[in-house]
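Below are the chains, spelled out letter by letter.
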Amino acid sequence: MNSNSLWNDAFRRLIANRAAVGSACILIVLILAAIFAPWIAPHSYSYQNLDVGATPPSVEFLLGTDTLGRDLLSRILYGARVSLLVGFVATAVALVIGVSWGIIAGYFGGRIDSVMMRIVDVLYGLPFIIFIILLMVIFGRNIWLLFMAIGAVEWLTMARIVRGQVITIKNQEYVMAAQAMGVPNLRLFVKHIFPNILGPIAVYATLTIPQVMLLEAFLSFLGLGVQPPMSSWGTLIRYGVESMEEYSWLLIYPGLTFTITLFALNFFGDGLRDALDPKTSED
Amino acid sequence: MLQILLKRLLIAIPVILIVITITFFLIRMAPGGPFDAEKAVPPEVLKSLNERYNLDAPVIVQYKDYMLNLLQGDFGPSFRYPSRSVTEMIFTGMPVTFELAFYAILVALIIGIFAGVLAAVKRNTALDYIPMTIAMIGICMPTFLLGPLLVLFFGIHLELLPVSGWDTLPGDKILPSITLGAAYAAYIARLSRGGMLETLNQDYIRTARAKGLSEFNVVFNHALRGGLIPVLSFLGPAVAGLIGGSFVVETIFQIPGLGRFYVEAAFNRDYTMILGTTIFFSVLIIFFNLLSDLAVLIANPQSRSSQ
């Protein structure tokens, strides 16, 4: 039996889950579409053709054009770049902060743990959405600030999950045995503890991405997110709402893309959780 | 019990103080003064403006004055609408936002608990799968998309309901309440399904069934109390989300509530208004978190010992 059998088993269970596989396919297509947007987009995302104006979907413009005559499909493809980038980068920020916080608190325990976790408890009670709006208003609508601000909000739950896992694993007999045999701290951690917390981290990271994307879209919808000519799906929905009475396709297609993406991410995350932890999957 | 409550309160007070302090200094860090947007203002006007808003004093004195005024419930004058005080604006918007949030929670609780309990009782049947799939869509569909889609369909296409306003036309409260409540209905459905499934497996439920009680009696009189604890603890954090949601819903439906005031203030750089509403919202959220913790403590005696 090879040492990766846990991951092999999990992979097999994941493959057997049709909803998760379907979601993964959708996500892969979307990610590829976002990466190759400059090559596959049928038109320029910023070229304004006022002669065309807003036209409903046609052979030339598959999803129609917006009020400035820009091709909607191309704009959705380019929007995918911003929305997915925000999703991944902000989640990565949350991951780095949350995982290190949780590991330190869980591993060292005692007073360090109680102080660190009390800080998390206090931060939990704060109205972050208001603070993010505040930051965007004060420091301008900078996309990197957006990443940081969203990442800085989403790490709290990650820290709690990781800490709990570390404490559980630290008290298992095989870890204590290794400790008794004089395995140094760092090696103990890298060899015995870290591999066992990877699963929950992967699951929670997958489930954080849709939350982050939702937050970005929310800010963009209020006009506080990504600024033109860049557009995220949130900004596209915002413009769609403004002109939905006459040109409903401008709202429907970006909205559909966004909802399907979040749907796929959530299903994939659920599937991953079931695959990695079959005990909880009955729910 | 009282001790736990006191402990929570003691944590809440420094948190509120920190929020006020951070917000105050963050806003002072904002580039440019609040009057930069206007045309070039004569120096003497600027001076009197600065005096009126207490901007000529050192920041630390401004902070002290602001805190002292705050203790008396005075949030200072609005930068944007000099004739109105922030306190006055908060109290105009608050009842509207509260009413909207109340209806939204009502919608969420009624639909969510009904769907969740039904799904748990009829586990692994169509009555489980269909509501739970709809709930998943509800969680994935953001408020700012659902609202406009509802307006498009029920307001513009079918012309059944008014598309904007609050308290002006009959039925104009229906779409905003559903829009704001939908995502929470979905969460509550999932939470109550999970909670009910767990409770229905407990020994005391088996005992109740063994006594020959009707299934209805078992579910509603015995299981519901334990099964809904997850929902109860969700209600506190939900209020925080409701406030964020009210920003969107009030903007879409043009409702004159606190959420729209906040978004407008953010755009107009009405700093005193932003400061005031941020503090107000923070206190609100902290208060509701406290309330929901308390409700869980009352409903679930087991959690008292673990605190």
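Parameters and conventions
Residues numbered from 1 in each chain as written. Chains lettered and ligands numbered in written order. Predicted model: local features only at pLDDT ≥ 70, side-chain atom pairs only at ≥ 80, totals over all residues. Heavy atoms only, no water. Helix = DSSP H or I, 4+ residues; strand = E, 2+ residues; numbered from the N terminus. Buried < 20%, exposed > 50% of the residue type's maximum accessible area, 1.4 Å probe, protein only. Contact = heavy atoms within 4.5 Å. Areas by Shrake-Rupley, 256 points an atom, 1.4 Å probe, with all protein chains shown as cover. Lys, Arg positive; Asp, Glu negative; His and termini not counted. Charge placed at Lys NZ, Arg CZ, Asp CG, Glu CD. Buried area = accessible area lost by both parts, 1.4 Å probe. Salt bridge = Lys/Arg side-chain N within 4 Å of Asp/Glu carboxyl O. Polar contact = N/O pair within 3.5 Å; in protein donor to acceptor, adjacent residues only side chain to side chain. Nonpolar A, V, L, I, M, F, W, Y, C, P; charged D, E, K, R; others polar. Phe/Tyr/Trp six-rings, centres within 6.5 Å; stacked < 30°, edge-to-face > 60°. pLDDT = per-residue confidence, 0-100. Axes fitted to C-alpha atoms, helices over the stretch in contact; angles between N-to-C directions. Parallel < 35°, antiparallel > 145°, perpendicular 65-115°, else oblique. Left-handed = near helix turned anticlockwise from the far one by under 90°. 1 Å grid on protein atoms, 1.4 Å probe; cavity = no way out; pocket = protein on both sides within 12 Å on 5 of 7 lines; lining within 4 Å. Points joined across faces, edges and corners; volume = space filled by probe spheres on them. Core = buried A, V, L, I, M, F, W, Y, C linked by side-chain atoms within 4.5 Å.

*Asks:* Is there a simple way to think about the overall build of chain A in this case?
*Replies:* Across its full length, chain A carries 11 helices and 0 strands. Going from the N terminus to the C terminus, chain A shows its helices and strands as α-α-α-α-α-α-α-α-α-α-α. Seen through its C-alpha atoms, chain A measures out along the principal axes to roughly 80 × 45 × 35 Å. Taking all 283 residues of chain A together, the buried fraction comes to 48%.

*Asks:* Any chance you could explain the overall build of chain B here in plain terms?
*Replies:* On a plain count of helices and strands, chain B comes out with 13 helices and 0 strands. Starting at the N terminus and walking to the C terminus, you meet the elements of chain B as α-α-α-α-α-α-α-α-α-α-α-α-α. If one aligns the C-alpha atoms of chain B with their principal axes, the spans along those axes are about 85 × 55 × 30 Å. A buried classification covers 47% of the 307 residues belonging to chain B. Considering only intrachain contacts with a sequence separation of at least 6, the fraction spanning at least 24 residues in chain B is 70%. Carbon together with sulfur atoms contributes 67% to the accessible area of chain B, which is approximately 15200 Å² in total. Taking the 21 positively charged and 20 negatively charged side chains of chain B as two groups, their mean positions are separated by 11 Å.

*Asks:* Before we go on, may I ask you to explain the side chain of Asn-266 of chain A in this structure?
*Replies:* Within the element layout of this structure, Asn-266 of chain A appears in helix α11 (residues 249-276). Discounting chain neighbours no more than four positions away, the residues touching Asn-266 of chain A are Leu-207 and Pro-210 of chain A together with Met-136 and Cys-140 of chain B.

*Asks:* What is the right way to look at unusual backbone geometry in this model?
*Replies:* Glycine aside, the phi torsion of most residues is negative, and most peptide linkages are trans. All names here are of chain B. Residues other than glycine seldom take positive phi values, yet Asn-124 does so here, at roughly 60°. Tracing the backbone shows Asn-124 in the loop between α4 (86-121) and α5 (126-140). Non-glycine residue Gln-254 carries a positive phi angle of around 50°. Here Gln-254 shows up in the loop between α10 (229-252) and α11 (258-268).

*Asks:* Before we go on, may I ask you to explain the interface of chain B and chain A in this structure?
*Replies:* Where the parts come together, the accessible area they lose is often given as the size of the interface. Of the residues lining the interface, 45 residues belong to chain B; the matching set on chain A comes to 39 residues. Summed over both partners, the interface of chain B with chain A comes to about 3500 Å²; 81% of that surface belongs to carbon and sulfur atoms. Counting across the interface, chain B meets chain A through 0 salt bridges. Inspection of the chain B/chain A interface yields 0 residue pairs in polar contact (both at pLDDT 80 or more). Of all the elements in the fold, those that place two or more residues in the side of chain B that touches chain A are α1 (2-29), α5, α6 (143-157), α7 (174-200), α10, α11 and α12 (271-299) of chain B. Sorting elements by how many residues they give to the side of chain B that touches chain A places α1 of chain B first, with 8 residues. Residue classes in the side of chain B that touches chain A are distributed as 34 nonpolar, 7 polar and 4 charged.

*Asks:* Would you mind going over the side chain of Ser-232 of chain A with me for this structure?
*Replies:* All names here are of chain A. Relative to the assigned elements, Ser-232 resides in the loop between α9 (185-221) and α10 (233-242). A relative accessible area of 0% means that Ser-232 is categorised as buried. Apart from the residues lying within four places of it in its own chain, the contact partners of Ser-232 are Gly-79, Val-82, Ser-83, Glu-216, Ser-220 and Val-226.

*Asks:* Looking at this model, I keep getting lost on the packing of aromatic side chains. Mind explaining?
*Replies:* The way to describe two aromatic rings as a pair is by their centre distance and the angle between their planes. Summed over all chains, the structure comprises 25 aromatic pairs over all chains. Seen in terms of ring centroids, Tyr-187 of chain B and Phe-234 of chain B are 5.6 Å apart; in terms of plane orientation they differ by 35°. Their pairing is tilted. Here Tyr-187 of chain B, found in helix α7, pairs with Phe-234 of chain B, found in helix α10; they are 47 residues apart in sequence, far enough to count as distant. Overall, the relative accessible area of 36% leaves Tyr-187 of chain B in the partly exposed class. Each member of the aromatic cluster is reached from another via a ring pair, and the members are Tyr-107, Phe-108, Phe-189 and Phe-194 of chain A.

*Asks:* Explanation requested: the pattern of salt bridges in the structure shown.
*Replies:* Side chains carrying opposite charge are able to pair once their charged atoms draw close together. Counted according to the given criterion, the structure contains 8 salt bridges over all chains. Where Arg-273 of chain A meets Asp-270 of chain A, a salt bridge forms, and the shortest distance between an N and an O atom there is 3.0 Å. Placement of the pair is Arg-273 of chain A and Asp-270 of chain A together in helix α11, with a separation of 3 residues, close to one helical turn. Arg-273 of chain A gets classed as partly exposed once you look at its relative accessible area, which sits at 33%. Residue Glu-215 of chain B pairs with Arg-209 of chain B through a salt bridge whose shortest N-O separation is 3.0 Å. Using a relative accessible area of 35% as the deciding quantity, one classes Arg-209 of chain B as partly exposed.

*Asks:* What's the story with the confidence of the model for chain A in this structure? I'm lost.
*Replies:* Any region with low pLDDT has predicted coordinates that should not be read closely. Scored by pLDDT, chain A comes out at a mean of 82, with 95% of its residues at no less than 70. No element of chain A has a lower mean pLDDT than helix α6 (residues 128-139) of chain A, which averages 77, and none a higher one than helix α2 (residues 18-35) of chain A, which averages 90.

*Asks:* Could you clarify how one ought to interpret the packing of helix α1 (residues 5-16) of chain A against α11 of chain A in this entry?
*Replies:* Angle between the axes and distance between the axes are the two parameters that describe a pair of packed helices. Residues and elements named next belong to chain A. Following both chains from N to C, one finds α1 and α11 inclined at 135°, their axes separated by 8 Å at the closest point. Looking at the two axes, α1 sits oblique to α11. The hand of the α1/α11 crossing is right-handed. For the pair α1 and α11, the contacting residues are Trp-7, Ala-10, Arg-13 and Leu-14 in the first and Phe-268, Gly-271, Leu-272, Asp-274, Ala-275 and Leu-276 in the second.

*Asks:* Would you mind going over the packing of α6 of chain A against α1 of chain B with me for this structure?
*Replies:* For the pair α6 of chain A and α1 of chain B, the least separation of the axes is 9 Å and the interaxial angle reads 20°. It follows from the interaxial angle that α6 of chain A and α1 of chain B lie roughly parallel. Along this stretch, α6 of chain A crosses α1 of chain B, giving a crossing that reads as left-handed. Where α6 of chain A approaches α1 of chain B, its residues Phe-131, Leu-134, Leu-135, Ile-138 and Phe-139 of chain A are matched on the opposing element by Val-19, Ile-22, Thr-23, Leu-26, Ile-27 and Met-29 of chain B.

*Asks:* Can you help me understand the environment of Gly-116 of chain B in this one?
*Replies:* Within the element layout of this structure, Gly-116 of chain B appears in helix α4. Residues Gly-116 of chain B and Gly-138 of chain B, 22 residues apart in the sequence, show an inter-C-alpha distance of 14 Å.

*Asks:* Whenever I open this one, empty space enclosed by the protein confuses me. Can you help?
*Replies:* To find the voids left in a structure, one rolls a probe of water-molecule size over its atoms. Residues and elements named next belong to chain B. Scanning the entire structure with this criterion turns up 2 cavities of 30 Å³ or more. What the largest cavity holds in volume is close to 50 Å³. Looking at the largest cavity, the residues that line it are Arg-80, Tyr-81, Met-89, Phe-261, Glu-264, Ala-265, Asn-268, Asp-270 and Met-273. Among the elements that take part in the lining of the largest cavity, α11 stands out by supplying 4 residues, more than any other.

*Asks:* Where do I start with the nonpolar core in this structure?
*Replies:* A general tendency of soluble globular proteins is for nonpolar side chains to be buried together. Ranked by size, the top nonpolar core spans 137 residues in total, and within it Ile-133 and Leu-222 of chain A together with Phe-247 of chain B carry the most contacts. The element contributing the most residues to this core is α4 of chain B, with 12 residues. Not counting residues within four places of it along the chain, the set of residues in contact with Leu-222 of chain A comprises Ile-133 and Arg-238 of chain A together with Phe-247, Val-248, Thr-251, Val-263 and Phe-267 of chain B. Of all hydrophobic cores here, the second largest spans 16 residues; its members include Tyr-107, Val-162, Ile-193 and Ala-205 of chain A.

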